Amino acid sequence: MKISIFSFAVNDKFPIDIMYRQFAKYMKEDFEFILFNDAYTDEMFNNINAITARSQITCVRVPQNIHHTENPSGAYAETLNWSVHDYATKNQCEVIALMHTDVFPICDISISD
């Protein structure tokens, strides 16, 4: 069973690369780490892509037409819903862990235990 760790970024201020390295170091199960790039400016979009490319992190662009609100919390909820109901379904993800980009392990971790 592969764990799909979904994380989300709208800017490049979060420690995306640190989060990925920490999961690679401490995660006991086979996992894939997917960062959903929800940047709303071209500059932030490109900055996030540069970070993920440098760290060899899978990066998925969130289609901006899913957003129907300018409220940050509402937009985040729309992104979460799209990632689970659209992306995960189409890519047959078995187990999904939704993680904010500034939350990452500091010791061994197992999601299935």
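Residues numbered from 1 in each chain as written. Predicted model: local features only at pLDDT ≥ 70, side-chain atom pairs only at ≥ 80, totals over all residues. Heavy atoms only, no water.

A.B. asks: Before we move on, can you summarise the packing of aromatic side chains with the specific residues and values?
C.D. replies: Tallied over the full model, the rule gives 10 aromatic pairs. Between F6 and Y87, the aromatic rings sit 5.9 Å apart at their centres with planes inclined by 75 degrees, giving edge-to-face as the arrangement. Taken as a pair, F6 in strand β1 (residues 3-9) and Y87 in helix α3 (residues 72-90) lie far apart in primary sequence, 81 residues in all. Pairing F36 with W82 gives two aromatic rings, centres 6.0 Å apart and planes at 85 degrees, and the pair type is edge-to-face. Taken together, the positions of F36 in strand β2 (residues 31-37) and W82 in helix α3 put the pair 46 residues apart, joining distant regions of the chain. (Phe/Tyr/Trp six-rings, centres within 6.5 Å; stacked < 30°, edge-to-face > 60°. Helix = DSSP H or I, 4+ residues; strand = E, 2+ residues; numbered from the N terminus.)

A.B. asks: Give me the sheet that holds β1: which residues, what numbers.
C.D. replies: In spatial order, the strands read β3-β2-β1-β4; together these 4 strands make up an open sheet with parallel pairing. At either end of the open sheet lies a strand with only one pairing partner, and these are β3 (58-61) and β4 (95-100). Here the strands of the sheet are splayed against their neighbours by 30 degrees on average, with no regard to which way each runs. The pairing of β1 with β4 spans 6 bridges and is parallel. Residue pairing for β4: S7 is matched across the bridge by M99. Across the sheet, helix α1 (residues 16-26) lies against β1, β2 and β4, angled at about 165 degrees from β2, the strand it touches most. On top of the sheet, α3 reaches β1, β2, β3 and β4; it is set at about 150 degrees to β1, its chief contact. (Pairing = 2+ DSSP bridges. Axes fitted to C-alpha atoms, helices over the stretch in contact; angles between N-to-C directions. Contact = heavy atoms within 4.5 Å.)

A.B. asks: Give a detailed account of the nonpolar core, specifying residues and quantitative values.
C.D. replies: In terms of nonpolar packing, the biggest core is built from 16 residues, with I5, I16, F23, F31, F33 and L35 touching the most fellow members. Residue assignment for this core shows that the elements contributing at least two residues are β1, α1, β2 and α2 (42-54). Not counting residues up to four positions away in its chain, the partners in contact with L35 are S7, F8, A9, I16, I48, T52, I57, T58, C59, V60 and T101. Residues F6, I66, Y87 and A88 belong to the second largest nonpolar core, which totals 11 residues. (Core = buried A, V, L, I, M, F, W, Y, C linked by side-chain atoms within 4.5 Å. Buried < 20%, exposed > 50% of the residue type's maximum accessible area, 1.4 Å probe, protein only.)

A.B. asks: If you had to explain the pattern of salt bridges to someone new, which residues and values would you point to?
C.D. replies: Close approach of charged atoms allows side chains with opposite charge to pair. The final tally for this structure, using the stated rule, is 3 salt bridges. In this structure, D108 and K28 form a salt bridge, with 3.1 Å as the shortest nitrogen-oxygen distance. Taken together, the positions of D108 in the segment after β4 and K28 in the loop between α1 and β2 put the pair 80 residues apart, joining distant regions of the chain. For K28, a relative accessible area of 55% puts it in the exposed group. Note that K90 and D86 form a salt bridge whose closest N and O atoms lie 3.3 Å from each other. Placement of both K90 and D86 in helix α3 is noted, with a separation of 4 residues, approximately one turn of the helix. K90 sits in the exposed class, given a relative accessible area of 64%. Here D86 falls in the partly exposed class, since its relative accessible area comes to 25%. (Salt bridge = Lys/Arg side-chain N within 4 Å of Asp/Glu carboxyl O.)

Keep in mind these numbers describe shape, not what the thing actually does.
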